[in-house]
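Coordinates in review
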Amino acid sequence: MTRRIVARRSPIHGNGVFAVAPIKKGEEIIEYKGTLMTHAEADELYGDGGETGHTFLFTLNDELLIDANRKGNTARWINHSCDPNCQAVIEENTDGNPRKDRVLIEAIRNIKPGEELTYDYGIVLDVPHTARLKKLWKCLCGSKNCTGTLLKSKR
Ligand SMILES: C[S@@+](CC[C@H](N)C(=O)[O-])C[C@H]1O[C@@H](n2cnc3c(N)ncnc32)[C@H](O)[C@@H]1O
Ligand SMILES: [Zn+2]
């Protein structure tokens, strides 16, 4: 299959992922890959989110998350937007094994070549979302409805 996406520098942050061919609404683009670990293991390795505003972690389910620092693929470069053109869908496997759940990035709009792919990270930290943390996780997506932070209100 011809490559439809490429990672390169992004105006939002660091590296981003861009379409190099048209992608249709509803199409699956890439799986978010990496090494599975428990939430406790990730907290031990990377802290609880209060130290840096950067993460390659994706919460898979109550037990596990995907650490794209280890064996991650191009999906780990996809940035967050408050007005995204993709969504991350967690595909739960049918035999109830949390290790077999997967994260798939799908287009929620038609995407033209040159457009940056984004999805809404929906990050909820275990610690209170103080003003300091919201600033640490400042959003630079540039969309009209930007909430100003990557953190999602706890409720
Ligand atoms: C999975 S990485 C995405 C790749 C990232 N651009 C890089 O070069 O490492 C997630 C991190 O990228 C940054 N990021 C992603 N979307 C952002 C946004 N809309 N505004 C500001 N920083 C963002 C944050 O530091 C976030 O924790
Ligand atoms: Zn934003």
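What follows covers the coordination of the zinc ion (ligand 2). Around the zinc ion (ligand 2), the donor atoms from the protein are Cys82 (SG), Cys139 (SG), Cys141 (SG) and Cys146 (SG), and they sit 2.3 to 2.4 Å away. Seen from the zinc ion (ligand 2), its four donor atoms lie at angles of 106 to 115°, and the figure they make is tetrahedral. In the primary structure, the donors to the zinc ion (ligand 2) are separated according to the pattern C-x56-C-x1-C-x4-C. Linking Cys82 in the loop between strand E7 (79-80) and strand E8 (86-91) with Cys139 in the segment after helix H2 (131-136), this pair joins segments that are 57 residues apart in sequence. No difference in accessibility class separates Cys82 from Cys139, as the two residues are buried.

Bringing the sheet that holds strand E1 (residues 5-9) into the picture now. Within a sheet, adjacent strands bond to each other through the backbone by hydrogen bonds, running parallel or antiparallel. Read from one edge to the other, the open sheet built from four strands follows the order E1-E2-E10-E7, with strand pairing classed as mixed. The sheet is open, and its two edges are formed by E1 and E7, each paired on a single side. Looking at chain direction, E7 and strand E10 (residues 116-119) are connected through two bridges and run parallel. The partner of His80 across the bridge, within E10, is Tyr119.

Moving on, we come to the site of ligand 1. His13, Asn15, His54, Asn79 and Leu140 are the nearest of the 20 residues found near ligand 1. Take Gly53: an N or O atom from its main chain is 2.9 Å from an oxygen atom of ligand 1. Judged by its atoms lying within 2 Å of the grid points, ligand 1 is housed in the second largest pocket. Residues of the shell around ligand 1, tallied by class, amount to 10 nonpolar, eight polar and two charged.

Per the counting criterion, the structure on display carries four aromatic pairs. Between Tyr32 and Phe58 the ring centres are 5.3 Å apart and the planes differ by 50°, which places this aromatic pair in the tilted class. A residue pair is termed long-range when its members are at least 10 positions apart, and Tyr32 in the loop between strand E3 (28-31) and strand E4 (35-38) and Phe58 in strand E5 (residues 57-59) qualify at 26 residues. Owing to a relative accessible area of 4%, Tyr32 belongs among the buried residues under this scheme. Looking at Phe58, the relative accessible area reads 11%, which means it is buried. Measuring from centroid to centroid gives 5.4 Å for Phe56 and Trp77, while their planes differ by 90°, and the two rings are edge-to-face. Placement of Phe56 in the loop between helix H1 (39-46) and E5 and of Trp77 in the loop between strand E6 (64-67) and E7 is noted, with a sequence separation of 21 residues between them. Its relative accessible area of 26% is what places Trp77 among the partly exposed residues. Over the ring of Phe56 we find Arg76; its NZ or CZ atom is 4.9 Å from the centre of that ring.

The rules behind these values
Residues numbered from 1 in each chain as written. Chains lettered and ligands numbered in written order. Predicted model: local features only at pLDDT ≥ 70, side-chain atom pairs only at ≥ 80, totals over all residues. Heavy atoms only, no water. Donors = N, O, S within 2.8 Å, 3.2 Å for Na, K, Ca; no water. Tetrahedral: all angles 85-135°; square planar, octahedral: opposite > 155°, others 65-115°. Helix = DSSP H or I, 4+ residues; strand = E, 2+ residues; numbered from the N terminus. Buried < 20%, exposed > 50% of the residue type's maximum accessible area, 1.4 Å probe, protein only. Pairing = 2+ DSSP bridges. Near = heavy atom within 4 Å. Polar contact = N/O pair within 3.5 Å; in protein donor to acceptor, adjacent residues only side chain to side chain. 1 Å grid on protein atoms, 1.4 Å probe; cavity = no way out; pocket = protein on both sides within 12 Å on 5 of 7 lines; lining within 4 Å. Sits in = over half its atoms within 2 Å of the grid points. Nonpolar A, V, L, I, M, F, W, Y, C, P; charged D, E, K, R; others polar. Phe/Tyr/Trp six-rings, centres within 6.5 Å; stacked < 30°, edge-to-face > 60°. Lys NZ or Arg CZ within 6 Å of the ring centre and 35° of its normal.

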